[in-house]
Amino acid sequence: GTGAATLGTIGAMAAFNDQVYVSSTYTGGGFIWRYRPSTDDYEYVMGWAGAWITSMVVFDGALHLAMNTGNYNVMTTAEVVTLQTVPASLFATWRGYLYRADGADVYYTNATGGVWSTPAIQVGEASEPITGMAGMGDVDLYCAKTDGLYYIGTGDFVFGVTPWPTRDADYGKGMIHH
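Note that this is a predicted model, so its numbers are computed, not measured.

Chemist: Requested: an account of the overall build of the chain, with residues and values cited.
Modeler: In terms of helices and strands, the chain carries 0 helices and 16 strands. Relative to the 2.2 N^0.38 estimate, which gives 16 Å for 178 residues, the radius of gyration of the chain is 16 Å and therefore close to what a compact globule would have. Counting the 178 residues in the chain, one finds 42% classified as buried. Once local pairs closer than 6 in sequence are excluded, the contacts in the chain between residues at least 24 apart make up 36%. The average position of the 7 basic charges and that of the 16 acidic charges among the side chains of the chain differ by 2 Å.

Put into C-alpha cells, the structure is as follows:
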C-alpha cells in the first residue's frame with residue numbers, strides 16, 4: 001500500500017464495488033488506487049504510461065474511465081479493464097443515461113456497451129471543449145465549457161445560458177447534479 005503523499009496528484013474518485021477508487025497522475029502516467037480503510041492507505045490497482053484518467057463514473061454495474069488520450073476504458077467488479085472503441089474526455093450520469101463528452105460533442109447511452117446516440121450533440125462552438133457536465137431537473141443536462149454555460153434540453157436541443165467573462169479550462173470542473 002501507499003500513503004496519500006506518494007499517490008501523486010489526485011484526480012477523480014468513485015465509490016464502486018463496495019470500494020473507494022481514486023485516480024492519480026505521477027511522473028507522466030496515470031493510476032487507479034483502491035482505498036483500504038483497515039490500514040488507512042491506498043493499494044495500487046493498475047496504471048498507464050503517458051495516459052491518465054480525466055473522469056470516472058459508475059454506470060450499469062461498471063466503472064467508466066475517461067482518458068486524456070482518447071478512447072475510454074470500462075472496469076468490471078473483478079477489476080478487469082477493457083478499452084472501448086469511442087473517445088471520452090468526461091462522463092456524467094443523469095436520469096438513467098451515461099453521457100460522454102468528446103471535445104465539444106456529447107453522446108449518451110442507456111447501457112454499458114450499448115449504442116451511443118448519433119449524431120453528436122454539439123454544444124456551442126466546436127473549438128471550445130466541454131469541461132463539466134451535471135444534470136438538473138427532469139431532463140436537462142448542463143454543460144460547462146471554457147467559454148460559457150449551456151444546457152441540453154428535450155429533443156437534444158442546446159441552449160446557451162451565459163457566457164463566462166474570460167475563458168478558463170477550470171470552469172465547470174466538479175459540477176454537482178441537482
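So, next bit.
Chemist: Can you lay out the sheet that holds strand S3 (residues 29-36) for me, pointing to particular residues and giving the numbers?
Modeler: Strand order in the open sheet made by the 4 strands is S1-S2-S3-S4, with antiparallel pairing throughout. Edge strands, defined here as strands with exactly one partner in the open sheet, are strand S1 (9-16) and strand S4 (41-49). For this sheet, the mean angle separating the axes of adjacent strands, direction not counted, is 25 degrees. Of the pairings in the sheet, the one linking strand S2 (residues 19-26) to S3 comprises 6 bridges and is antiparallel in character. From the neighbouring strand, Val22 faces S3, where its bridge partner is Trp33.

Chemist: How would you explain the environment of Ala12 if you had to name every residue and give the values?
Modeler: Along the chain, Ala12 falls in strand S1. Judged by relative accessible area, which is 12%, Ala12 ranks as buried. As for Ala12 and Thr54, which are separated by 42 residues in sequence, their C-alpha atoms are 6.9 Å apart. Residue contacts for Ala12: discarding those within four places in its chain leaves Tyr21, Val22, Ser23, Ser55 and Met56.

Chemist: Explain the pattern of salt bridges residue by residue, including any values.
Modeler: The full count for this structure, using the stated rule, is 5 salt bridges. Here Arg167 and Glu128 are joined by a salt bridge, their closest N and O atoms 2.7 Å apart. With Arg167 in the segment after strand S16 (158-163) and Glu128 in the loop between strand S12 (121-122) and strand S13 (130-136), the pair connects residues that are 39 residues apart, well separated along the chain. Looking at Glu128, the relative accessible area reads 12%, which means it is buried. The closest approach of N and O atoms between Asp170 and Lys173, which form a salt bridge, is 3.4 Å.

Chemist: How would you summarise the environment of Met75 if you had to cite specific residues and measurements?
Modeler: Tracing the sequence through the fold places Met75 in strand S7 (residues 70-75). Looking at Met75, the relative accessible area reads 0%, which means it is buried. Sequence separation between Met75 and Val58 is 17 residues; the distance between their C-alpha atoms is 9.5 Å. In this view, Met75 contacts Phe16, Tyr21, Ile32, Met46, Ala62, Leu63, Leu65, Val80 and Val81; residues no more than four positions away in its chain are not counted.

Chemist: Can you explain the sheet that holds S12? Please cite residues and give values.
Modeler: Pairing is antiparallel in the open sheet, where 4 strands are placed in the order S9-S10-S11-S12. Edge positions in the open sheet fall to strand S9 (90-94) and S12, since each of these has one partner strand only. Pairing analysis gives 5 bridges linking S9 to strand S10 (residues 97-102), with the strands arranged antiparallel. Its bridge partner lying in S10, Ala92 is registered against Tyr99.

Cut-offs applied
- Residues numbered from 1 in each chain as written.
- Predicted model: local features only at pLDDT ≥ 70, side-chain atom pairs only at ≥ 80, totals over all residues.
- Heavy atoms only, no water.
- Helix = DSSP H or I, 4+ residues; strand = E, 2+ residues; numbered from the N terminus.
- Rg over C-alpha atoms; globule rule 2.2 N^0.38 Å.
- Buried < 20%, exposed > 50% of the residue type's maximum accessible area, 1.4 Å probe, protein only.
- Contact = heavy atoms within 4.5 Å.
- Lys, Arg positive; Asp, Glu negative; His and termini not counted.
- Charge placed at Lys NZ, Arg CZ, Asp CG, Glu CD.
- Pairing = 2+ DSSP bridges.
- Axes fitted to C-alpha atoms, helices over the stretch in contact; angles between N-to-C directions.
- Salt bridge = Lys/Arg side-chain N within 4 Å of Asp/Glu carboxyl O.

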